[in-house]
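Analysis of the macromolecular model
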Amino acid sequence: MRMIGKILAALTATVALSAMTTAAAAQTAPPTQQQPAGQPQDQSGAPLEVSVTGGVSEPMPIAIPVMPTAQVVQTPAGPTDALGRQLADIVANDLKNSGLFTPLSPGKLRPVGFQEVNAPAFDYWGGTGAQALVQGFVRAGADGNLTVGCYLYDVFSKVELTRQGFVVPPSDWRRAGHKCADMVYTRLTGEGPYFDSRIVYVSETGPKGKRIKRLAIMDQDGANHRFLTNGQAIVLTPRFAPNQQSIVYMSYEDNRPAIYVYDLGSGRPRRIVQNVSLTFAPRFSPDGRWILFSMAQGGNTDIYRVPASGGSPQRLTTSPGIDTGGSYSPDGSKIVFESDRSGGQQLYVMNADGSNQQRISFGGGRYGTPVWSPRGDLIAFTKLGGAFRIGIMSPNGSGEKLLTNAWQDEGPSWSPNGRAITFFRSSQGGQGKADLWMVDLTGQVERKIPTPLDGSDPAWGPLRP
């Protein structure tokens, strides 16, 4: 599948209609992104931006009208006029789901002409209450690819903030919408992008005592869902490789636990370690060279690492008790893990070679499933005691904060930019049902992620290239 993200140099500040409709210029342009000089300001004189440091009481009003097309053309993904409506919906939904933006209702969005895309009617949009405006276009090229342009404007200052263009095959049209939303989010918040990413998880169905569990993968908004395994063997705790070309997970083929790596290109699994007792998620190192996992031997459970290509496991912990749940820091120098060596389940940090093991959780209760933020500034965990809740703390254990307050929330996994966490929430009772959820770092923005069946053990993948 062809990668998205080829930015169109043809989208210049005075782009002409002919430039928009010239396929050759769009396809051969070098990847560049243009930013306006200076920092645009709103009517109060303050820069137009969205604060992400605390709770959001008033999300920014933003207008995202349907993206027009110069000529309606049938494509394998549908007619270009329909794609323009769907792309605008994707951008609006992504930004709304972040909790930082309020897209204007369709009743306040008048149609935008193709020639108006880079010449907005600022007076009209100022009257709608929108502070920012996203306009774009979609065009089908003679080579079968789609060109999608995306522009962000400051409505009050009547200036363009940024623009990008994407050339994609029809099969990747949704990614153009996510990339557009990422552009807007990044420009207005100063945070990294995360909408053009995927989630792998365990899809579940059947009664509690006989659940069918399959690996499944989807876009972060639940679209493009597909199953990777057939459910004939139990699968657990999938995690992406850094290059996103494979997934490491546990499987009980023939009732024997083993670690497998699933190649997304070929659809074939490869066994790495077998016939061991494993707990929690096997996980790649940031450079993709190692896989962490837990193995029980002689009544003791320790953390090991094994080369991603296979080989002999290397033991990293030796303390009596259960050591498990390892997760690397972004630079690969340290590992956070959980251990009951002190008498209760707590969080510890050690060097990547197993040295200098230090406890970091002292807040009372028990802690499990730690995972390091991709930004390196926080560790997410499950707080156990009465209920299961998702929390965060600094790598030194300070600043503990609980983000959720349901009956059983567990298994956190970070978004690529470290601003949101996905997890799974189990319902009370004997049904054993679970669903995927997302919460942001404020704990105030929480939403359910749609899946066709029940879901558990989510892992948020890196930003797609």
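Residues numbered from 1 in each chain as written. Predicted model: local features only at pLDDT ≥ 70, side-chain atom pairs only at ≥ 80, totals over all residues. Heavy atoms only, no water.

Remarks on helix H5 (residues 173-189)
Operational definition: Per the convention used, a helix needs a DSSP run of H or I reaching at least four residues, while a strand needs a run of E reaching at least two, with both numbered from the N terminus. A helix is expected to span 1.5 Å for every residue after the first. For every residue, the accessible area (1.4 Å probe, protein chains only) is compared with the maximum for its type, and the residue is labelled buried under 20%, exposed over 50%, or partly exposed between those bounds.
Its 17 residues place the ends of H5 25 Å apart at the C-alpha level, agreeing with the 24 Å of an ideal helix rising 1.5 Å per residue. In terms of burial, H5 is a largely internal element, 16 of the 17 residues being buried. Gly190 sits one or two residues past H5 and shows a positive phi near 80°.

A few points about the sheet that holds strand S8 (residues 226-227)
For the record, the criterion: Strand pairing is defined by DSSP finding a minimum of two bridges between the two strands.
In space, the four strands of this open sheet follow the order S8-S7-S6-S29, with antiparallel pairing throughout. The open sheet is flanked by S8 and strand S29 (454-463), the only strands paired with a single partner. Here strand S6 (residues 197-205) runs beside S29; their pairing, made up of six bridges, is antiparallel. Bridged to Ile199 within S29 is Trp460.

A short note on the confidence of the model for the protein chain
Threshold: Along the chain, pLDDT gives the predictor's confidence residue by residue, from 0 to 100. Contact criterion: two residues are considered in contact whenever any of their non-hydrogen atoms come within 4.5 Å of each other.
Per-chain confidence: the protein chain averages 87 in pLDDT, with 86% of residues scoring 70 or above. Note on residues 1-45: pLDDT under 50 across the span, and 112 contacts to partners over four residues away in sequence or across chains.

Brief notes about the pattern of salt bridges
The line we're drawing: For salt bridges, the criterion is a side-chain nitrogen of Lys or Arg within 4 Å of an Asp or Glu carboxyl oxygen.
Under the counting rule described, the total for this entry stands at 18 salt bridges. A salt bridge links Arg375 to Glu191; the nearest nitrogen and oxygen atoms lie 2.8 Å apart. Here the residue Arg375 occupies a position in the loop between strand S21 (366-372) and strand S22 (379-385), and Glu191 occupies one in the loop between H5 and S6, the gap between them amounting to 184 residues. The salt bridge involving Arg211 is made with Asp454; its shortest N-O contact spans 2.8 Å. One end of the pair, Arg211, is in the loop between S6 and strand S7 (212-219); the other, Asp454, is in strand S29, and 243 residues separate them in sequence.

Quick word on helix H3 (residues 80-97)
Across its 18 residues, H3 extends 25 Å between first and last C-alpha, which sits within 8% of the 26 Å expected from 1.5 Å per residue. Among the residues making up H3, those that are buried are Thr80, Ala82, Leu83, Gly84, Leu87, Ala88, Ile90, Val91, Ala92, Asp94 and Leu95. Against the buried residues of H3 lie strand S1 (60-63), strand S2 (101-103), strand S3 (132-140), strand S4 (146-154) and H5. At the C-terminal side of H3, Gly99 shows a positive phi close to 80°.

Overview of the nonpolar core
To be explicit about the condition: To form a nonpolar core, buried Ala, Val, Leu, Ile, Met, Phe, Trp, Tyr and Cys residues must be joined to one another through side-chain atoms within 4.5 Å.
Core analysis: the biggest nonpolar cluster contains 44 residues, and Leu95 and Val134 have the highest contact counts within it. For this core, the element with the highest residue contribution is H5, accounting for eight residues. With near-sequence residues (within four places) excluded, Val134 lies in contact with Ile62, Ala63, Ile64, Pro65, Val91, Cys150, Tyr151, Leu152, Cys180 and Val184. Membership of the second largest hydrophobic core comes to 14 residues, among which are Leu215, Ile247, Tyr260 and Ala459.

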